[in-house]
Each structure stands twice: as C-alpha cells, then as structure tokens.
Amino acid sequence: MAILAAAPLILVSAANAGELKSFVRGSWRSIVEAHAGRPVIIHFWGLTCGPCRVELPAWGKLFAEKPDLPLVTVNADMVQDAPEDAQEFLSKSGLSNAENWIFDGSFVERLRYEIDPKWQGEIPVTLLIGRDGVKRRIEGSASMPEISTWFDEEHKPTKK
Amino acid sequence: MLWPVFIAALAVFAASDAALAEMSHEHHQARETCAGLSLACAGTVSPAFAPDGALWIAARVNNQIFVAKSVDHGRSFTQPVVITPNSVTLDRGADARPKILIDRGGRVIVAYATVRDEKRNGQLFYTRSTDGGKTFAPPQSITADIESQRFIAMAIDSDGSIFSAWIDKRNRAIAREKGENYAGAGLAFAWSRDHAVSFSDASIAHEGTCECCRIAVAFAGRGCPVLLFRNIFDTSVRDHAIMTFERPDKPGSVNRVSDDDWAIDACPHHGPSLAVARDGTYHAAWFTAGRIRKGLFYARSINGGRSFSEPVAIGDPDHAPGRPDLLGIDGKLYLAWKEFDGDHTSVMTMVSPDNGKHWSSAKAIATTTEDSDHPILERQGRHIFLSWQTQKEGYRLLNLKNPS
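Given the structure is predicted, the values throughout are model-derived calculations rather than measurements. (Residues numbered from 1 in each chain as written. Chains lettered and ligands numbered in written order. Predicted model: local features only at pLDDT ≥ 70, side-chain atom pairs only at ≥ 80, totals over all residues.)

S.K.: Explain the overall build of chain A here, please?
M.R.: Of regular secondary structure, chain A possesses six helices and six strands. Mapped in sequence order, the helices and strands of chain A form the string α-β-α-β-α-β-α-β-α-β-β-α. Across the 160 residues of chain A, 39% fall into the buried class. (Helix = DSSP H or I, 4+ residues; strand = E, 2+ residues; numbered from the N terminus. Buried ≥ 20, exposed ≤ 12 C-beta atoms within 10 Å, placed from the backbone.)

S.K.: Looking at this structure, I do not really get unusual backbone geometry. What am I missing?
M.R.: Note: most residues except glycine have negative phi, and most peptide bonds are trans. A cis amide bond links A:I123 to the next residue, A:P124, at an omega of 5°. Of note, A:P124 is situated in the loop between helix 5 (108–115) and strand 5 (125–129). The phi angle at B:R120 is positive, at roughly 65°, despite the residue not being glycine. Locating B:R120 in the fold gives a position in the loop between strand 6 (108–115) and strand 7 (122–129). For B:F151, which is not glycine, the phi dihedral falls at a positive 55°. Mapped onto the secondary structure, B:F151 falls in strand 9 (residues 149–156).

S.K.: Just checking my understanding: could you explain helix 5 of chain A for this structure?
M.R.: It helps to recall that an α-helix has 3.6 residues per turn; residues three or four apart then point in one direction. Buried residues of helix 5 of chain A: A:E109, A:L111, A:R112 and A:I115, and no others. The buried residues of helix 5 of chain A occupy an angular sector of 160° when the element is viewed end-on, so they sit on one face. Taken together, the buried residues of helix 5 of chain A touch strand 1 (20–23), helix 2 (27–34) and strand 4 (99–103) of chain A together with strand 22 (332–340) and strand 23 (345–352) of chain B. (Arc of directions from axis to C-beta. Contact = placed C-beta atoms within 7 Å.)

S.K.: Is there a simple way to explain the interface of chain A and chain B in this structure?
M.R.: Chain A puts 19 residues into the contact, and the matching count from chain B is 25 residues. Partitioning the side of chain A that touches chain B into residue classes produces nine nonpolar, six polar and four charged. (Nonpolar A, V, L, I, M, F, W, Y, C, P; charged D, E, K, R; others polar.)

S.K.: Would you take a moment to explain the sheet that holds strand 12 (residues 203–209) of chain B for this structure?
M.R.: What holds strands together in a sheet is hydrogen bonding between their backbones, with the strands either parallel or antiparallel. All names here are of chain B. On the basis of which strands lie adjacent, the open sheet formed by four strands has the order 9-10-11-12 and antiparallel pairing. The strands lining the two open edges of the sheet, one partner per strand, are strand 9 and strand 12. Averaged over neighbouring strand pairs, the angle between their axes works out to 20° when direction is ignored. Of the strands in this sheet, strand 10 (162–168), strand 11 (185–192) and strand 12 touch helix 3 (residues 170–177), which is tilted by about 140° from strand 11. (Pairing = 2+ DSSP bridges. Axes fitted to C-alpha atoms, helices over the stretch in contact; angles between N-to-C directions.)

S.K.: How should I be thinking about the confidence of the model for chain B in this particular structure?
M.R.: Do not read the fine detail of predicted coordinates wherever pLDDT is low. Residue and element names in this part refer to chain B. Per-residue pLDDT for chain B has a mean of 90; in total, 91% of the residues score no lower than 70. The model gives residues 1–31 a pLDDT under 50, and that stretch makes 52 contacts with residues more than four places away or in other chains. In the predicted complex, the global pTM is 0.88; the interface-specific ipTM is 0.79. (pLDDT = per-residue confidence, 0-100.)

S.K.: Please explain the confidence of the model for chain A as it appears in this structure.
M.R.: Residue and element names in this part refer to chain A. For chain A, per-residue confidence averages 86 on the pLDDT scale, and residues scoring 70 or more make up 87% of the total. Mean pLDDT values for the elements of chain A range from 31 in helix 1 (residues 2–5) up to 98 in strand 3 (residues 71–75). Low pLDDT, under 50, characterises residues 1–15; the predicted model gives this stretch 17 contacts beyond four residues in sequence or across chains.

S.K.: Any chance you could explain the environment of B:A111 here in plain terms?
M.R.: Residues and elements named next belong to chain B. Note on placement: A111 falls in strand 6. For the pair A111 and I100, spaced 11 residues apart in sequence, the C-alpha to C-alpha distance is 6.6 Å. Every residue in contact with A111, bar those within four places of it in the chain, is listed here: P98, K99, L124, F125, Y126, I142, I152 and M154.

Structure, rendered in structure tokens:
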C-alpha cells in the first residue's frame, strides 16, 4: 500500500494505458496533477451497479470514435470488485486502452474523501474537468452526445 | 444537560475496551488478509440482545457468517458457529448485513443474502437454532421464486410472529420478458407463524422501489408493520417513502417522507432508519443527495406516516454524515450515524428527550482511523448500546444510557 501510495506521477501517463492501476491514498491528486491544464473526463463505475454496466460500453463506443478522448475510469464499486473482473469488463466495453484505475482496499471512505468529501459512493458518477480547472459533476448515467460536445468545446483553440 | 450521562457511560466501558483489546489481539490485521474465523476478521457484525440479556452477534467474515453469544457485554464470546454452507458467495454490498433475532423462546433466527450467479442476482436464506445457538438448521430460501432478492429486514411482532420484507425482482424479470420497462424492484414480504420453521408465500407490497438500499422495519401495532424504503418516484427520483400495513396481509398506502428530488439512475447503497415510538410517532432518518437537499436528515410524523415534519439536517455536511440508526425507549429517541473528516471516522450520537421534538447537540462517542462497519443501536432492557465493528480496534459495545 505504501509503495503504491507513493507512486510517481509517471504512472498515469498514456504509456501505461491498458494497465489497471490501484487507486490508493494520493492517487486522486496524481490524476488531477497529471492532467492539469488539459480537459479530462473521470468516470466512476462498478460491476455491481446495473446502470454502470449499461453505460460503460457507451463510453467504449465514444472512446473508439474519439481515440484522443482524455478518459480516466475509476472502479469505485461499493462491493469491492476483483481487478481481473473489472479488467475483463473494461476490455469487453472497448476501454482496454483508457487510463483505468480501481479502488484498492476496503476503507473506501478515505479514497472518496480525497475526491469529494461529500461523495458517499453512489455510482455511476462522472467528473468533467476543463482545461481551466472548472469541474462539472454528472450523477447517474452520462449522455454521450453531451460529453462529445463538451470535449469538442474544450478542444477549440479559442477557448480560454 | 444530557451529555454527562453519555460520558459517564463511556467511562464505565473504558475497562471493557481494554478487555476487548486483549481478547481481539488480531484486530490490527487488515480484514481482507484475515484468514481465521474470528470476530477480529469480521467486516460486518449484526447484534441482538436476547430476552435473558445475552448479546448475540451474526458476523460476516469473507464468505462465511458465524453466530456467537456474549454474557458479559461483548468482553468475550462463545466459540463461533458457522451457519452458512461452504462455497457460498455472500452479498457484501455496503448495505448488506446478516439479520439476527432472538425470540421469547430463545430461538436464534438469522437471515442473510447471497449472490447466486454472475449477473449478481441475489437469494435470501434463513435459519434458526433451537438449542441455544449450538446448532442451526440447514438454511432455507425465504421464497420459492428466487429470481433475485436482496436486503432482508426482519422483526418480531408482539405475538411472536416474524415479519420479513426484502427487495425482490421477480416482477421486473416478467416485465422485461414482455419487453416492458420496469424501474427498480418490488418490495416483498412474508410472515412466519411458527417461529421461523417456515415463512408464508411471498407477496409484493409495492412495485418500483430502489433496488440497492436496505429497508427499515418497525411495528405501529400488532400485525401492522411499517416499512421505510427508498422509492422510485416518477421514473428516476429516489426519495424515501413509508408504508404502514393495515393488516398483516394488507399493505397500506405509500406516502412520501420527504421531497428531496434525488433524480439519479444509480445505486445509492444507502438505506434509511426507522423507529416507531410508544406514543405512535414515527421517526425517520435518511441520506439523500437530492436537488432540494443533500446530506443526512431526520423527520417525525404524528399522523401514522401520512406526512412528516420538515427534514432537519443531521451532522456536519462536510464530513459525509451517513449510515443512520434510530432507536426509541421510554419517550427518548437516540440517533447514531457516521462521519469522516479525512482521517478519522466517528460515530456521532444525539438524543431527544421528547420523541424527536428537541435534540441534544451531536457528540462523537467512538472513533477509528481505519475501515469500519455501520453503527448499530440495540436495546437491552432500559439500556441503549452502540455496537460498532472497526478494523483497528475490533468489536466495541458502548452503553449510551446509564440510568440512575
């Protein structure tokens, strides 16, 4: 746990896409810092969450359409998922090459608190962080057309 | 004025904590690496006091549930007796926990939920012991239709009948076969009139409830259970509703507890708590992240649940207050919940001297810095106890009331 918690920021580079990384204390900060100044989409999901299982393939489809989509997935299931099961579902959903994380350990309150002190773990949840750092939170299933529009807007060169 | 009572009670239990630490020497070990069938390895511990004052627990350790008894307020327990078969996968969701009841005859009744397939459909089982917890009958399914069930609630009526309610997806499956939409799940119930030898055929009391939150049960009178549950209003608003049975076999109308407007197509995994006081007042505590209000709330009803008072926010909204538990005794009402400040998880409590009209300020009565179970209030005679399992400290039983 301590080794993972101290993992350097390079872990979240695109070079590590496809690897399911352990989300421990400090991981949230490393994700945010690694994407600072650029738009990023962070999607929280879980295998025991019915709406998540419906939604994740839609993310996979969008990811296929927009390979440069800055998508980070975090498996934050209330019932701790086995990493191999999570990886398998990510692969089936076409998200093997996204930046994928999974909550590590049973003390998930501590991990959630670093993300949002008021978040009590309901999923699916998606956070959109613009390149100006402005955060938008989507509770429940996200609309892929809206995500696509947001991403395109964020990529406009005139956006300040 | 009320808190010196709490402090005195905790001082009494300082010695208990020391005894527990000695008993549970393994408890600094991370639970996921615990191999033994011990209380120290339990992730979830459900308590119940027997009429003779003994404390019973049903504890989950990985995919096993064991039952044990304590006659010294949790300082020591009998050898654990496993009630689950081998190779079963238990429901380990945030709101899933075994239920344990001790009836007047000393029978120990336990119910629990399993995950029975890769699609995570659930099945509920119950068992009982008639020899003081030495042996348990082979677990039986609570209902013949095992499409999918979760979150069993059980309570003993004043005549000894056992009421059981749970989340049931049988009609959702039928609707989907017909190509029809069906949001959520059904609220099912059954009665046992033979001390948990068997349960009646299941009936559906209400359709379209949230499928991923525990439900709360209490009695408004003999044969009149009250259910508090997260309902689905419209198509996706997951706010709380309450139902009082008109007769044992006749569910009553569904009334909204609070218009929080939590429109979410997701799983809150965060169910409510309910108490019905001797004066007939209803008391509800629940978590919401709705558009109208967010956080932990309390409200009371003086008309049998037809309407509720304006919700009162509970706890520090910046510390994720949640997992409420309400318990009433002798006109007083106790409320416990959890908060987390980034380092410490605390069990907070408040007490109302007048059945919810007024409340004391909130106080932390126990803390931990590692993972922990939900706080549970249990009554033994005129005493109220907090039962709390934590990874670091092990099992704790704290007396909240020390009557003079």
